[in-house]
Amino acid sequence: MALIPSLLADSAPTLLQRLLSDRLGLTPSPGVNALVSLALIAVVFLPVVSLVAMFSIWWERKVAGHIQSRLGPNRVGPIGLLQSLADGIKLLLKEDLIPKDADKFLFRLAPYLAFAPAFAAFLALPFGPDMTFEPRLSVGVFWILAILSIEIMGVILAGWASNNKWSVYGAMREACQMVSYEIPLGISIIVGIMAAGTLNMVQLGHLQAGGIHTWLIYHNPFAFAAFFTYFIASLASNKRAPFDLPESESELVAGFHTEYSGLRFSFFFFAEYAAMFIIAGIQTALFLGGWNDPFGLMGYFYNQFQTSGNDVGLFIVNLVGVGIFVTKVLGLVFVQMWIRWTLPRPRIDQVLYACVKVLLPLACALLLGAAVWQLLVPELSFPTALPGAGDPSSYNPWRYLHPWNYWDWAARGAVATFVMQMLLALIGVAGFAATSAWVFYAFVSGRNLKQRLTDPLPIDKAPESLVKA
Amino acid sequence: MIALVDSISDQTLTTALFYLFALLSAGSALGVAISRNIVRTAVFLLGALVGVGGLYFLLNAEFLAAVQLVVYAGGTLILIIFGVMLTSKSPFSRFEPKLGEVMIAISIGSVLLIALVMGILRTTFASQELNITTYPLVQLGQVLLGDYLIPFELASVLLLVVMIGAAYLAKGRREIPQRRERTEASETMRRWS
């Protein structure tokens, strides 16, 4: 217990605390820190998480609409932006209905058990170099995984306490699925962490501050593949399509939250969208460079401003970092929504087959490959005495070399790493550019189609493959 | 007001948090023992495990706390809940212990409680400053694969044995499929499923 006071006292004061102590004259005592943290939660986090959820719900409905060749909500507010607000008000005013034979205590407990972990996981997400709620959490990534596994209990209890066959089916399927997919999820995260060497999310962000080729997804080919296995496993772990059997709307009425209405239902809804944001946040922080831009400018300017002690510059860098992080996360959230409204839903046995017989061996092979890669390929070594000690920004590559200069890397014996990273970065950028060009082309050419809503294809002749004489 | 907040020291904060988590663990454990509905006992067990996880966080053992949440709350407890839900006759079956059983349980429990409390109060616990020089996780990893390698490997062998046993038990018997007649419907089914 004696360690905690020393930890609270000696840690380098974060930017916010420094601003508070300098400008407002508040000494950073533990009581003031705790009060500031509580105020941050109440004033910043809770509204931001709710806004994120509301925005995601609106965006999902718009994306769904446009993919299905219709418009989505467009009446309430400018482009339907206030639809979520209207829905929230409606849900608040609904009758609070608890089924007669339901287990009342568990029925009431379940939404909170589902929402609280999703909300608590936000405290480790690195929105900016100094904009993490708890930057000293040395097990950042693992904490998010751990706290999201409590959400499973919330869903199971919701299904059970509703005393409803469909809910119980949904809850059981969901528990199976979420628990099974945690294994490839964890292994994919380990592959990324092995490339990084730290679980602390702020250090991960600083590590990738050298430019797009330092992003951990391009570190070695196994991390590249691990990004995709993580993506698939996280879709299943978040009961998101195509793995949305627990709430499969066309089969189980509404799965485990059939009997929930009003505010209780909105807790589940918020939990799902908050969890989408969180898993996209882990992917961004771990694989896609966190708050860093592709050119490494954030790391460069952060290093400059830190050495010169320019607080205003640091604050601006932080704000830009938050913007970049949120943009990347929302891009990944868009991909999740895109996949949901494109792919059909497999059966539960197909889902578990994909987990145990496809993703798990693949993840294990990636783990083995990444471990061998770490052993054989010489890494860029940072001249910090102890990894993870003290200042997270000691992982910033700009402090020790120029990350875009081949000769700097060669001087440290990390030629293979640099070449592989550049190669993978080129592949990644080319793939991204190709996909974006394709989407853009589809968007542009789709506008010219006159027959969209009013002229469906005539189906009086079945395709050849279905007709057998 | 600011002076009041300023006067809250680290000790107060840690004590307050300790009481919070201890109350959560102890209260939930009490709920496990007292509750009459079997699913509710499992839910109270969740409270107890999360409380213990919080206590680990207070002791600065962050990795252990996260592992506690993942393994216990997210794994073992799910298993227990499955077992409870799939084998209970109805959601509302209640325990109805007889008075004699309750008296025996209370007496044994109180004897144990008194013994434990007296033992704890009489021992002087040497509080040792932790020797954390590097990143705690780095030290943990080095120790796990260095000093404590054999227990680590034995634990993984044990887990392997458990997995094989569970897979064998859950396998079930496979029936020999009988010849089915080929109708048009079954052909379509075979082609499109």
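Here the structure is a predicted model, which is why all the values come from computation and not from measurement.

**Student:** What exactly am I supposed to notice about the overall build of chain B here?
**Tutor:** Helices and strands together make up the secondary structure of chain B, namely 8 helices and 0 strands. Ordering the α and β elements of chain B from the N terminus gives α-α-α-α-α-α-α-α. Per-residue burial for chain B yields a buried fraction of 16% across its 193 residues. In chain B, the proportion of contacts linking residues at least 24 apart, taken out of those at least 6 apart, comes to 53%.

**Student:** How should the overall build of chain A be read in this particular structure?
**Tutor:** When you go through chain A residue by residue, the secondary structure sums to 16 helices and 0 strands. In chain A, which comprises 469 residues, the share counted as buried stands at 44%.

**Student:** Please explain the nonpolar core as it appears in this structure.
**Tutor:** Nonpolar side chains in soluble globular proteins tend to be buried together. Residues Val141, Ile144, Leu157, Ala223, Ala274 and Ile278 of chain A together with Leu77 of chain B are the most contacted members of the largest nonpolar core, which totals 140 residues. In terms of residue count, the dominant contributor to this core is helix α11 (residues 263-286) of chain A (16 residues). Apart from the residues within four sequence positions on either side, Ile144 of chain A is in contact with Ala121, Ala124, Ile278 and Ile282 of chain A.

**Student:** I tried to follow the domain arrangement of chain A on my own but got confused; where do I start?
**Tutor:** When the parts of a complex come together, some accessible area is lost, and that lost area is often used as the size of the interface. All names here are of chain A. According to the domain assignment, chain A contains domain 1 (15-21 + 28-93) and domain 2 (104-381 + 391-443). Relative placement of domain 1 and domain 2: their C-alpha centres are 20 Å apart. Counting residues at the interface gives 18 residues for domain 1 and 23 residues for domain 2. Elements that contribute at least two residues to the side of domain 1 that touches domain 2 include exactly α3 (30-67) and α4 (83-92). Looking at the side of domain 1 that touches domain 2 element by element, the count peaks at 13 residues for α3. Residue composition of the side of domain 1 that touches domain 2, grouped by class: 13 nonpolar, 4 polar and 1 charged.

**Student:** Any chance you could explain the confidence of the model for chain A here in plain terms?
**Tutor:** The predicted coordinates ought not to be read in detail in places where the model reports low pLDDT. Residue and element names in this part refer to chain A. Averaged over every residue, the pLDDT of chain A is 82; residues scoring 70 or more account for 85%. Within chain A, the element-level pLDDT minimum falls on helix α1 (residues 3-10), averaging 39, and the maximum on helix α10 (residues 221-237), averaging 93. Throughout residues 1-12 the model reports pLDDT below 50, and contacts reaching past four residues in sequence, or to other chains, amount to 15 contacts.

**Student:** Honestly, the packing of α4 of chain A against α11 of chain A in this entry has me stumped. Any pointers?
**Tutor:** For any two helices packed against each other, the geometry is given by the interaxial angle and the distance between the axes. All names here are of chain A. At a minimum axis distance of 8 Å, the contact between α4 and α11 shows a crossing angle of 140 degrees. The orientation of α4 relative to α11 falls into the category oblique. For the pair α4 and α11, the contacting residues are Gly88, Leu91 and Leu92 in the first and Leu263, Phe265 and Ser266 in the second. For the contact of α4 with α11, the class distribution of residues is 4 nonpolar, 2 polar and no charged.

**Student:** Any chance you could explain the packing of α3 of chain A against α4 of chain A here in plain terms?
**Tutor:** All names here are of chain A. Two elements in contact, α3 and α4, have axes whose closest approach is 8 Å; the angle formed by their N-to-C orientations is 110 degrees. Between α3 and α4, the interaxial angle falls into the category roughly perpendicular. When the axes of α3 and α4 are compared, the crossing they make is right-handed. For the pair α3 and α4, the contacting residues are Met54, Ile57 and Trp58 in the first and Gln83, Ser84, Leu85 and Gly88 in the second. A class-by-class count of the residues in the contact of α3 with α4 yields 4 nonpolar, 3 polar and no charged.

**Student:** When you look at α11 of chain A in this model, what are you seeing that I'm missing?
**Tutor:** In this model, α11 of chain A (24 residues) spans 34 Å end to end at C-alpha, consistent with the 34 Å of a helix rising 1.5 Å per residue. For α11 of chain A, the tally of buried residues reaches 22 of 24 residues, placing the bulk of the element in the interior.

**Student:** Explanation requested: unusual backbone geometry in the structure shown.
**Tutor:** Of all residues except glycine, most have a negative phi; of all peptide bonds, most are trans. Of note in this structure, Asn60 of chain B is not a glycine but carries a positive phi near 70 degrees. Considering the arrangement of structural elements, one finds Asn60 of chain B in the loop between α3 (38-58) and α4 (62-87).

**Student:** Would you mind showing me how to read the domain arrangement of chain B here?
**Tutor:** What the domain assignment lists for chain B is domain 1 (9-92), domain 2 (97-123) and domain 3 (134-172). Summarising the inter-unit geometry, the C-alpha centres of domain 1 of chain B and domain 2 of chain B are found 21 Å apart.

**Student:** Where do I start with the environment of Gly80 of chain A in this structure?
**Tutor:** Residue and element names in this part refer to chain A. Residue position: Gly80 is located in the loop between α3 and α4. Along the chain, Gly80 and Phe287 lie 207 residues apart, while their C-alpha atoms are 33 Å from each other. With near-sequence residues (within four places) excluded, Gly80 lies in contact with Trp58, Lys62, Gly72, Pro73, Asn74 and Arg75.

**Student:** Please explain helix α12 (residues 297-308) of chain A as it appears in this structure.
**Tutor:** For an α-helix, 3.6 residues make a turn, and residues three or four places apart therefore share a direction. All names here are of chain A. In a regular helix each residue adds 1.5 Å, so 12 residues correspond to 16 Å; α12 covers 16 Å between its end C-alpha atoms and thus fits that length. If you check which residues of α12 are buried, you get Met298, Gly299, Tyr300 and Tyr302. Looking at the packing, one finds that the buried side of α12 touches α13 (311-340). Looking one or two places after α12, you find Gly309, whose phi comes out positive at around 70 degrees.

**Student:** I would appreciate a short explanation of the confidence of the model for chain B in the present structure.
**Tutor:** For chain B, the mean per-residue pLDDT works out to 85, and 89% of the residues sit at or above 70. ipTM for the predicted complex: 0.81, alongside a pTM of 0.85.

Parameters and conventions
- Residues numbered from 1 in each chain as written.
- Chains lettered and ligands numbered in written order.
- Predicted model: local features only at pLDDT ≥ 70, side-chain atom pairs only at ≥ 80, totals over all residues.
- Helix = DSSP H or I, 4+ residues; strand = E, 2+ residues; numbered from the N terminus.
- Buried ≥ 20, exposed ≤ 12 C-beta atoms within 10 Å, placed from the backbone.
- Contact = placed C-beta atoms within 7 Å.
- Core = buried A, V, L, I, M, F, W, Y, C linked by C-beta atoms within 7 Å.
- Domains from an automatic or database assignment.
- Nonpolar A, V, L, I, M, F, W, Y, C, P; charged D, E, K, R; others polar.
- pLDDT = per-residue confidence, 0-100.
- Axes fitted to C-alpha atoms, helices over the stretch in contact; angles between N-to-C directions.
- Parallel < 35°, antiparallel > 145°, perpendicular 65-115°, else oblique.
- Left-handed = near helix turned anticlockwise from the far one by under 90°.
- Expected span 1.5 Å × (residues − 1).

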